[in-house]
Amino acid sequence: MEFDRSAPGAGAEASCKLENGKAFLEWRFHVKGDLLQTEIPGAQARRFGAGEGYTQSPRPVIRLSLMAGEGNVVAEGMQTVGEEEPLKTVLVQPRLWQGRRDPFLYEVEATLTVQGACLDRIYTKLCLREVHAGGAGEILLNGQPLAVRAVSYSLPEGGSETERRRQALSDFRTLLQLGANSICVERKDQGPFLSRLCDRFGILMFERGGLEGQDLLVCAWDGAVEISWGEEGQRERVPAYRGDSDAFFLAHRKCPTALYYKYKARWSEEPFVYLAPESVRRLRSGNYTVTCYSSCGRVALYTDGELFEFRKGDGEFVFQEVPARTPCIMLSAEGDGCSGALSVHKSFVKSMDRDEGKMASDLDKYAFPC
């Protein structure tokens, strides 16, 4: 007999309800094997005077330990295998999973024993939280409204399993730097590995739903609830993390696109400035315009190493009539202890003028609600 690791919770399934500062937990254990004929390992069988292999024995017992850090046991429980009623635990003043702010995980150990002999053991992590969909597309995490910052994500393809998992870890660290707090996935991508990553990094996982071409999210915990945000009749598009176009990362590039920085300027608290190369345009006056994305409230632009202008804004700074005296347009931006530089040859700008507005129109599809 052993735990069924293909079942929810890898064999130890927990549901949580929060009420009046307490966490009410219900545990359901999934095992596979014959309840009447239980195999006791040879050494333990001899210890208890049984023969080798299968032997008639008392009903196996499950022992549960819930820990808040190594060695700090906060709750225990015991139940015989086959019990219909779930095992229940009440925690007073539990430490809740608070998303990116505090993605705290309890440690769970469940052992399957018979007459003191250990048949199987599982070890997993558990986050205590409640997530509900409120009115008007509002998400409540532990009863508090959460501003959803979702990115459409799928696990990397190609390479070995180890390489894909290593890339996924790197992706999630980038999501944290971006300021995202949720991912939107297809149902086929919802698996234990991705769920564990989300819990570890403080990321909520939603399922993509709605009609084809619409960017709706469906609560992974309640498939009947559709989530949208923005003004009535207008839904914000969910940006793609990786793709051939209109994504934060393109298949042929390791560095992020301008779209990534546009969202980072809105979501992240980390100071940065980014001058978008495709935003440089030649004006009729012979000068240029350039867009800078930044999380800073005030940005300074330099051209040819000389200060051109200070601008105040909220995420997106558009500089007009920027002079450039040499064949190479040399720009720098500075704000709150960070800086960035951009060099664009005038011949590149001329080629871009033939397709003027394409980049801007692509970015405008990702409009933020006021």
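No experiment lies behind these values; they were computed from the predicted model shown. All residue numbers refer to positions counted from 1 along the written sequence of the respective chain. Restriction of local features to residues with pLDDT of at least 70 applies here, the model being predicted, together with a cutoff of 80 or more for giving and counting side-chain atom pairs; totals for whole chains, interfaces and linings are based on all residues. Side-chain metrics rest on all non-hydrogen atoms present in the structure, leaving aside hydrogens and water.

S.K.: Give me the lowdown on helix α3 (residues 192-201), citing residues and values where you can.
M.R.: Buried means the residue's accessible area, taken with a 1.4 Å probe over protein chains only, is under 20% of the maximum for its type, while exposed means over 50%, and partly exposed covers the values in between. To qualify as a helix, a DSSP run of H or I must reach at least 4 residues; to qualify as a strand, a run of E must reach at least 2; elements of each kind are numbered from the N terminus. Regarding α3, the residues found buried are Phe193, Leu194, Leu197, Cys198, Asp199 and Phe201. In the stretch just after α3, glycine 202 is the one whose phi turns positive, near 80°.

S.K.: Go over the pairing of strand β16 (residues 182-185), please, and point to the residues and values.
M.R.: Burial along β16 is two-sided: the face carrying Ser182 and Cys184 and the face carrying Ile183 and Val185 are both buried. When the strands point away from the viewer and the connection leading from the first strand across the helix to the second strand turns clockwise, the crossover is called right-handed. What joins strand β15 (residues 150-152) to β16 is helix α2 (residues 161-178), and the crossover it makes is right-handed.

S.K.: I'd like a description of the packing of α2 against α3, backed by residues and values.
M.R.: At their nearest, the axes of α2 and α3 sit 11 Å apart, and the two run at 35° to each other. Viewed along their axes, α2 and α3 form a crossing whose handedness is right-handed. Only Phe193, Leu194, Arg196, Leu197, Cys198, Arg200 and Phe201 of α3 make contact with α2, whose side of the interface consists of Arg165, Ala168, Leu169, Phe172, Arg173 and Leu176. Amino acids are sorted into nonpolar (Ala, Val, Leu, Ile, Met, Phe, Trp, Tyr, Cys and Pro), charged (Asp, Glu, Lys and Arg) and polar (every other residue, Gly among them). Partitioning the contact of α2 with α3 into residue classes produces nine nonpolar, no polar and four charged. Here, axes are lines fitted to C-alpha atoms. For helices the fit covers the stretch in contact, and angles between N-to-C directions go from 0 to 180 degrees. Throughout, a crossing is termed right-handed when the near helix is turned clockwise from the far one, and left-handed when it is turned anticlockwise from it by less than a right angle. Whether two residues are in contact is decided by their heavy atoms: any pair within 4.5 Å suffices.

S.K.: Summarise the layout of surface pockets; cite the residues concerned and give the values.
M.R.: Using only the protein atoms, space was sampled on a 1 Å grid; points where a 1.4 Å probe fits but cannot get out form cavities, open sets with protein on both sides within 12 Å along at least five of seven lines form pockets, and lining residues are those with an atom within 4 Å of a point. Grid points are joined across faces, edges and corners, and a volume is the space filled by probe spheres set on the points. Here the largest pocket is characterised by a volume of approximately 1,400 Å³. Along the walls of the largest pocket sit 37 residues, with Gly9, Cys127, Arg129, Ser195 and Asp199 positioned nearest its centre. Breaking the lining of the largest pocket down by element, the ones donating at least two residues are β2 (12-19), β3 (22-29), β11 (117-126), α3 and β17 (204-209). In terms of residue class, the lining of the largest pocket is built from 23 nonpolar, seven polar and seven charged.

S.K.: Talk me through unusual backbone geometry; I want residue IDs and the actual numbers.
M.R.: At glutamine 93, a position not held by glycine, the phi torsion is positive, near 55°. Structurally, glutamine 93 is set in the loop between β9 (87-92) and β10 (106-114). For glutamine 93, a relative accessible area of 70% corresponds to the exposed category. With a phi angle near 55°, asparagine 142 is a residue other than glycine that sits in the positive phi range. Positionally, asparagine 142 belongs in the loop between β13 (139-141) and β14 (144-146). Its relative accessible area of 16% is what places asparagine 142 among the buried residues.

S.K.: An account of the confidence of the model for the protein is needed here, citing residue identities and associated values.
M.R.: The share of residues in the protein with pLDDT of 70 or more is 80%, and the mean pLDDT across the chain is 83. pLDDT is a residue-level measure of predictor confidence that goes from 0 to 100. Contacts from residues 211-216, a stretch scored under 50 in pLDDT, to residues over four places away or in other chains number 15 contacts. Confidence drops under a pLDDT of 50 for residues 220-225, and excluding neighbours within four residues, the segment shows 13 contacts in the predicted structure.

S.K.: So what's going on with the sheet that holds strand β26 (residues 306-312)? Which residues, and what values?
M.R.: Pairing is antiparallel in the open sheet, where four strands are placed in the order β26-β25-β28-β29. Strands at the two margins of the open sheet, each flanked by one partner only, are β26 and β29 (338-345). Averaged over all pairs of adjacent strands, the angle between their axes in this sheet comes to 20°, without regard to strand direction. Strands are treated as partners if at least two bridges between them are detected by DSSP. One ladder, built from four bridges, connects strand β25 (residues 298-303) with strand β28 (residues 328-335); its direction is antiparallel. What sits directly across from tyrosine 302, in β28, is serine 332.

S.K.: Pulling in residues and values, what's your account of a nonpolar patch on the surface?
M.R.: Within the patch definition used here, like charges are joined within 9 Å and nonpolar side chains (Val, Leu, Ile, Met, Phe, Trp, Tyr) within 5 Å, considering only residues with over 30% relative accessible area and no salt bridge. Under the convention used here, a 1.4 Å probe and the Shrake-Rupley method define accessible areas, while residue burial counts only the protein chains that appear. The term salt bridge refers to a side-chain nitrogen of Lys or Arg lying within 4 Å of a carboxyl oxygen of Asp or Glu. Residues Phe24, Val90 and Val92 make up a contiguous nonpolar surface patch of about 260 Å² in total accessible area. With respect to the element layout, valine 90 can be found in strand β9. Residue valine 90 is classed as partly exposed on the basis of its relative accessible area of 47%.

S.K.: Residue-level account of the packing of aromatic side chains, with values.
M.R.: Working definition: an aromatic ring pair is given by the centre-to-centre distance plus the angle between the planes. Think of it this way: a Phe, Tyr or Trp ring, Trp meaning its six-membered ring, pairs with another when their centres are within 6.5 Å, and the plane angle makes it stacked under 30 degrees, edge-to-face over 60, tilted otherwise. Under the criterion given, the structure shown has 12 aromatic pairs. With a centroid separation of 5.5 Å and 70° between ring planes, the pair formed by tyrosine 153 and tyrosine 241 is classed as edge-to-face. Taken together, the positions of tyrosine 153 in the loop between β15 and α2 and tyrosine 241 in strand β20 (residues 240-243) put the pair 88 residues apart, joining distant regions of the chain. By the burial criterion, tyrosine 153 is buried, and tyrosine 241 matches it. An aromatic cluster of at least three residues, connected via ring pairs, comprises Tyr153, Phe172, Phe201, Tyr241, Phe248, Phe249, Tyr260, Tyr261, Tyr263, Trp267, Phe272 and Tyr274. Geometrically, a lysine NZ or arginine CZ counts as sitting over a ring once it is within 6 Å of the ring centre and also within 35 degrees of the ring normal. Positioned above the aromatic ring of phenylalanine 272, the side-chain terminus of lysine 264 is 4.9 Å from the ring centre.

S.K.: How would you summarise the sheet that holds β2 if you had to cite specific residues and measurements?
M.R.: Within a beta sheet, neighbouring strands are joined by backbone hydrogen bonds and run either parallel or antiparallel to one another. Spatially, three strands are ordered β2-β3-β9 in an open sheet, and the strand pairing comes out antiparallel. If you trace the sheet from one side to the other, it starts and ends with β2 and β9, each paired once. Strand-to-strand, the axes of this sheet are offset by a mean angle of 20°, without reference to chain direction. Pairing analysis gives eight bridges linking β2 to β3, with the strands arranged antiparallel. In the sheet register, alanine 12 faces β3, and the bridge partner there is phenylalanine 29.

S.K.: Could you give me a rundown of the environment of serine 182, with the residues and numbers involved?
M.R.: Its location among the elements puts serine 182 in strand β16. When the C-alpha positions of serine 182 and glycine 99 are compared, they lie 9.3 Å apart, and in sequence the two are 83 residues distant. Contact partners of serine 182, with chain neighbours within four places excluded, come to Val148, Arg149, Ala150, Val151, Ile203, Leu204 and Phe206. In terms of polar contacts, serine 182 uses its side chain to reach the side chain of asparagine 181, at 2.9 Å. Polar contacts, as counted here, are pairs of nitrogen or oxygen atoms within 3.5 Å of one another; within protein the pair requires one atom able to donate a hydrogen and one able to accept it, and residues that are adjacent in sequence qualify only if both atoms are side-chain atoms.

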